[in-house]
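Remarks on the overall topology
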Amino acid sequence: MKSRCPDCGYIASSIPPTHKCPECGKFSHDWLIYDWDTFASIKRRHLAYNVAIICLALAGVLTAVFIGSSPVLPWMFALLIVPAMISGWRCRTQLRGQSNYRGHKAGIVFPWFSGFGGL
């Protein structure tokens, strides 16, 4: 797995054990993972999750409208459309910007809704 120094942009085959860049000599814990294919596959998976959430929320809204539901729960579930659309837009923007890719941190593995599960 390639890694990229956050200070000078040096690309190494792995993170040095001392976390010190051999090029610029600076120490950093913030080394970035430099692997576009992995990044793109994670973002495509997140995009699929967002599309599924948007479809389920729209189905819930349509059901609540046609049935005339007055409980608050279906309407609260419909609010998930907002973060799903924002996340989907960001994923699409990041997938289009391969030339702007400078590396990513390990935290991108988790989608935005993983915080609801207590992670």
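For the structure, see preceding data.
In this numbering scheme, every chain counts its residues from 1 along its sequence in written order. Side-chain atom pairs in this predicted model are given and counted only at pLDDT of 80 or more, local residue features only at pLDDT of at least 70, and totals for whole chains, interfaces and linings cover all residues. For the side-chain quantities, the full set of heavy atoms in the structure was used; hydrogens and water were omitted.

Turning next to the nonpolar core. Among soluble globular proteins, nonpolar side chains are generally buried collectively. In terms of nonpolar packing, the biggest core is built from six residues, these being W36, F39, A40, I42, Y101 and I108. Contact definition: two residues touch when any of their heavy atoms are within 4.5 Å. With near-sequence residues (within four places) excluded, Y101 lies in contact with I33, Y34, D35, W36 and F39. Remark: nonpolar core denotes a set of buried residues (Ala, Val, Leu, Ile, Met, Phe, Trp, Tyr, Cys) joined through side-chain atoms within 4.5 Å. Relative accessibility under 20% of the residue-type maximum defines a buried residue, over 50% an exposed one, and the middle range a partly exposed one, all with a 1.4 Å probe and only protein chains included.

Looking now at the packing of aromatic side chains. Only rings of Phe, Tyr and Trp enter the pairing, Trp through its six-membered ring, and a pair is recorded when the two centres are within 6.5 Å. The plane angle decides the type: under 30 degrees is stacked, over 60 is edge-to-face, the rest tilted. According to the stated counting rule, one finds six aromatic pairs in the structure shown. Taken together, a centroid distance of 5.6 Å and an interplanar angle of 90° make the contact between W112 and F113 edge-to-face. Residue F113 is classed as partly exposed on the basis of its relative accessible area, which comes to 26%. Taken together through their ring pairs, the aromatic side chains of Y34, W36, F39 and Y101 make up a single cluster.

Once that is clear, we can look at unusual backbone geometry. Here the phi dihedral of H19 falls at roughly 60°; this positive angle occurs in a residue that is not glycine. Along the chain, the position of H19 falls in the loop between strand 2 (11–12) and strand 3 (32–33). Where helices and strands are cited, they refer to DSSP runs of H or I of at least four residues and of E of at least two residues respectively, numbered from the N terminus.

We now examine helix 3 (residues 81–96). Expected span, for any helix, means 1.5 Å times one less than how many residues it has. Taking 1.5 Å per residue, 16 residues should reach 22 Å; helix 3 reaches 22 Å between its end C-alpha atoms and fits that length. Within the span of helix 3, buried status applies to I81, A84, S87, G88 and C91. Projected onto a plane normal to the axis of helix 3, the buried residues spread over an arc of 135° and lie on a single side. Turned more than 90 degrees away from the buried face of helix 3, the exposed residues are W89 and R96. Of the surrounding elements, those touching the buried residues of helix 3 are helix 1 (36–67) and helix 2 (72–78). To obtain the arc, one takes the directions from the helix axis to the C-beta atoms.

This paragraph deals with the side chain of S28. You can see S28 is positioned in the loop between strand 2 and strand 3. Classification of S28 by relative accessible area gives buried; the value is 8%. We call two N or O atoms a polar contact when they sit within 3.5 Å, provided that within protein one can donate a hydrogen and the other can accept it, with sequence-adjacent residues counted only if both atoms are side-chain atoms. A distance of 3.0 Å separates a polar atom in the side chain of S28 from the backbone nitrogen of D30. Sequence-distant contacts of S28, that is, excluding residues within four places in its chain, are made with P6, D7 and H19.

What the three strands build is an open sheet, ordered 2-1-3; its pairing is antiparallel. Here the strands that pair on one side only, and so sit at the sheet edges, are strand 2 and strand 3. Summarising the sheet, strand 1 (residues 3–4) and strand 3 pair through two bridges and their orientation is antiparallel. Residue pairing across strands places R4 opposite L32, the latter belonging to strand 3. At least two DSSP bridges between two strands are needed for those strands to be called paired.

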